Amino acid sequence: MYLTLRDSEIREHYRRAKPVYEALATVGEYPTIGLNDFVGWYIKRDQTDTEAIEAGFPQQGRVAQLDRDYDEICNRLDRTLYAITTYKTPGAFQRWEPCRYDEAEETTVWQDEAPTPEYADLRAVPAWGDIDLADDIKSQRGELEADTTRLIEETLSAYVDEFAELYGTRDAVYALDSVGGAYVFGAPEATLPIVEHFGDDVDALERIFDAFLDRSNEWLRGAEERVNERVDGAGDVIQPDWVNNKNRQYKPPLSIHADHNAVVTPLETDDVQYELCRFEAVDDETVDQAVAWAQEFTQIEHADCVESLVATLWSDEYEAHGGWQVALDAWVDAERQREQERRQRREKALQQRRERVADRDGSLERQSITPFKQDVYEAVEQVAVAEIARHYASDAYDTDPNQPRPQFDPCWRYSESGQSCFVDEQSNTFGDSKVNAGGGPAKLIALATGIISDATDDLDGEDYWAAVDELRNAGYDIPVWIPEAGSERSDGGTYDQMPFWALREAAAALGVCSEDAFVDREGEAGTYEGFPDYETYNETLVAIEEAGLDHGRELVVPDDGRLVQEVGANETVDGDAVADVNRDQLREENRRLSAEVERLESMLDDKLKRIEELEVQIEELQDELDAVRSERDRLEILLEKREIAQESTAKCQEADDDESLHHRLKRIVSLDR
């Protein structure tokens with residue numbers, strides 16, 4: 001149960017616990033990230049680059065280092081401190097990137113990429129498991145029955161055995177009571193010999209650590225099956241989450257749980273005692289024990305466990321070569337060869353896609369148009385994700401026919417099993433199990449075509465519309481959004497006339513003019529893409545009208561044999577033609593604009609009147625609602641009094657009597673509502 005703690009209590013607690021996080025912050029020379037309340041990833045400062053400032057990015061940020069930035073992390077902390085399971089190269093904490101904070105979305109926007117560490121930055125990496133309590137008993141923590149506690153302890157001990165098997169010794173296994181379950185770690189320093197062996201081969205390290213986390217997660221899923229077979233009832237009390245990744249968060253020792261007034265504490269792996277440590281029970285001895293655990297966890301004494309790790313996780317290569325170094329060397333070489341072959345297959349698939357597109361009847365540029373963005377969104381969501389996965393986004397599709405959902409081998413990254421992505425045909429979405437992310441048709445085609453590179457990436461802005469274009473290129477009927485005159489602008493205003501860029505889009509979509517037929521022209525605002533001639537411009541306006549859209553523009557007529565050309569950059573005529581526009585044309589334009597003003601003012605008056613009518617109706621409904629609520633409350637009070645009277649005078653009333661007054665009154669209340 002969640003109980004409020006005072007801010008001063010939380011601040012004082014983390015001040016006392018600071019030595020724990022200083023001890024936990026590094027393995028050798030390699031730091032880890034610290035963050036507050038699951039969200040505070042970055043440290044920011046004012047920008048010094050004038051170009052970035054002018055571009056709208058007045059700050060710069062980097063990831064927060066647990067020890068170096070501990071005071072700032074604590075200053076913005078509400079309740080729960082987090083650390084990251086993996087330790088990185090120091091350079092990962094020195095990447096300052098331009099950014100700004102979006103108040104409306106409550107998120108940081110980066111000019112380029114966020115400086116979050118990647119797989120190539122990893123150095124000390126533990127196999128790790130979030131061994132959660134089952135949901136139906138998690139809320140009971142602190143009040144668990146003795147039999148349940150003993151079963152949890154037996155199950156956790158069995159998981160420690162599995163980690164000991166993976167690392168070759170129980171001494172290299174560490175555990176924490178996470179309040180809502182437990183965390184079990186292997187010694188993070190066991191991967192440091194891999195870093196030393198591959199030296200400056202960053203590509204090899206990226207491949208190995210990516211595979212290491214995938215393979216350890218998969219191995220531990222097998223461990224779950226073995227534990228559930230060995231310990232009767234284990235699956236009823238423990239439901240692990242085997243999703244460790246390059247930047248996986250966990251609550252370190254003495255972190256305060258979000259839903260219980262309790263803290264994370266070390267677990268003895270030789271004798272698991274699952275006893276909750278409440279917040280008020282934390283004393284100097286508790287802090288000292290947590291410091292000792294952190295010091296032991298980060299010291300370098302189990303580097304030789306690399307042999308057992310590679311022998312278990314790369315068993316085929318290890319058996320073939322007889323040593324961890326040569327096994328990983330062979331695996332990296334094979335991976336590079338497989339990547340080259342995959343690249344060749346993708347290039348072949350891309351060529352086949354081009355050929356399919358070329359075989360389509362008609363021009364790809366001929367599409368339906370719409371003045372409503374929602375039409376585009378709805379058309380995109382109607383595209384079958386399964387089709388995109390099968391034909392564009394997978395190296396192999398339906399790789400495990402025994403699964404209820406189609407599994408596939410993603411084309412944007414390597415999958416050891418070839419089954420780490422899936423299609424949910426019912427919701428028309430896909431999922432990437434490796435990163436616990438996914439999305440719909442637009443995101444999947446964006447991954448397939450390289451617009452984004454990871455399923456965790458956001459697809460918005462220009463990237464989204466690029467993905468929509470790729471769906472059209474793939475042959476899907478997605479209408480082209482063409483804002484018409486009077487439609488809303490993104491800045492809150494309205495378009496007086498169809499914008500020039502939309503004319504070009506419409507010309508291509510309606511088959512009037514191909515995209516490569518537009519020509520560079522010089523206008524008052526500089527170079528812009530213009531129509532090849534006034535006939536094409538006029539033909540586009542006619543085609544737009546026939547499609548049922550209002551462009552709000554006038555046909556162009558040649559004046560003294562010269563072309564009058566619209567200018568896209570400033571929505572006026574070409575600079576050379578401006579002086580030649582006669583007074584009659586200007587008067588006609590003025591009359592058109594005046595009529596438009598009158599039309600809009602009339603619409604505005606109608607809307608204002610309708611608002612006033614609705615406000616009156618709202619007030620009437622509010623009065624009626626208040627009256628009904630009052631009557632309901634009165635009846636409920638009366639009902640409660642009569643129930644009390646009935647209980648004291650008619651306890652032995654027959655069960656099959658007519659409906660009680662209680663039920664009749666409830667019906668009355670229900671009808672009044």
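Above this note sits the structure.
The structure presented is a predicted model; accordingly, all values stated were derived computationally and were not measured. (Residues numbered from 1 in each chain as written. Predicted model: local features only at pLDDT ≥ 70, side-chain atom pairs only at ≥ 80, totals over all residues. Heavy atoms only, no water.)

A. Structural context of the packing of helix H6 (residues 146-167) against helix H8 (residues 202-230). Look at H6 against H8: their axes get within 10 Å of each other, and the N-to-C directions meet at 135°. Taken together, the axes of H6 and H8 lie oblique to each other. Regarding H6 and H8, the two cross each other, and that crossing is right-handed. On H8, the residues that touch Thr155, Ala158, Tyr159, Asp161, Glu162, Phe163, Glu165, Leu166 and Tyr167 of H6 are Phe212, Trp219, Leu220, Ala223, Glu224, Arg226, Val227, Asn228 and Arg230. (Axes fitted to C-alpha atoms, helices over the stretch in contact; angles between N-to-C directions. Helix = DSSP H or I, 4+ residues; strand = E, 2+ residues; numbered from the N terminus. Parallel < 35°, antiparallel > 145°, perpendicular 65-115°, else oblique. Left-handed = near helix turned anticlockwise from the far one by under 90°. Contact = heavy atoms within 4.5 Å.)

B. Up close: the sheet that holds strand S22 (residues 429-432). With antiparallel pairing, the five strands of this open sheet are ordered in space as S19-S20-S21-S22-S23. Bordering the open sheet on either side are strand S19 (394-397) and strand S23 (437-439), each of which pairs with just one other strand. Going from strand to strand, the sheet's axes swing by 25° on average, the running direction of each strand aside. Across four bridges, strand S21 (residues 421-424) lies against S22 in antiparallel orientation. By the bridge assignment, Val423 is partnered in S22 with Phe430. Those strands touched by helix H16 (residues 441-449) are strand S20 (407-410), S22 and S23, and its axis lies near 50° from that of S22. (Pairing = 2+ DSSP bridges.)

C. Spotlight on a nonpolar patch on the surface. Where nonpolar side chains cluster on the molecular surface, the patch consists of Leu604, Leu608 and Ile611 and spans about 270 Å² of accessible area. Along the chain, Leu604 turns up in helix H21 (residues 583-649). (Patch = residues over 30% accessible without salt bridge, like charges linked within 9 Å, V, L, I, M, F, W, Y side chains within 5 Å. Areas by Shrake-Rupley, 256 points an atom, 1.4 Å probe, with all protein chains shown as cover. Salt bridge = Lys/Arg side-chain N within 4 Å of Asp/Glu carboxyl O.)

D. Layout of the sheet that holds strand S9 (residues 107-110). If you walk across this open sheet you meet the four strands as S4-S5-S8-S9, and the pairing is antiparallel. The open sheet has two edge strands with one neighbour each: strand S4 (42-46) and S9. The mean angle between the axes of side-by-side strands here comes to 45°, regardless of whether they run parallel or antiparallel.

E. Inspection of the environment of Glu72 at higher detail. Topologically, Glu72 is positioned in helix H4 (residues 70-75). According to the relative accessible area criterion, Glu72 is partly exposed, its value standing at 34%. Separated by 29 residues in the primary sequence, Glu72 and Ile43 place their C-alpha atoms 8.2 Å from one another. (Buried < 20%, exposed > 50% of the residue type's maximum accessible area, 1.4 Å probe, protein only.)

F. Expanded view of the environment of Thr286. Its location among the elements puts Thr286 in helix H10 (residues 284-298). The spatial distance from the C-alpha of Thr286 to the C-alpha of Pro253 is 9.8 Å, given a sequence separation of 33 residues. In this view, Thr286 contacts Leu254, Thr265, Cys277 and Ala281; residues no more than four positions away in its chain are not counted.

G. Quick look at the packing of aromatic side chains. By the definition in use, this model includes 26 aromatic pairs. With 5.6 Å between their ring centres and 55° between their planes, Tyr159 and Trp242 make a pair best called tilted. Within this pair, whereas Tyr159 is found in helix H6, its partner Trp242 is found in the loop between helix H9 (234-237) and strand S14 (249-250), the two being separated by 83 residues in sequence. Trp242 shares its class with Tyr159; the two are buried. Each ring, one from Tyr183 and one from Tyr250, has its centre 5.8 Å from the other, and the planes form 90°; the classification is edge-to-face. With a gap of 67 residues between them, Tyr183 in strand S13 (residues 181-186) and Tyr250 in strand S14 connect regions that are remote in the sequence. We classify Tyr250 as buried; its relative accessible area is 1%. (Phe/Tyr/Trp six-rings, centres within 6.5 Å; stacked < 30°, edge-to-face > 60°.)

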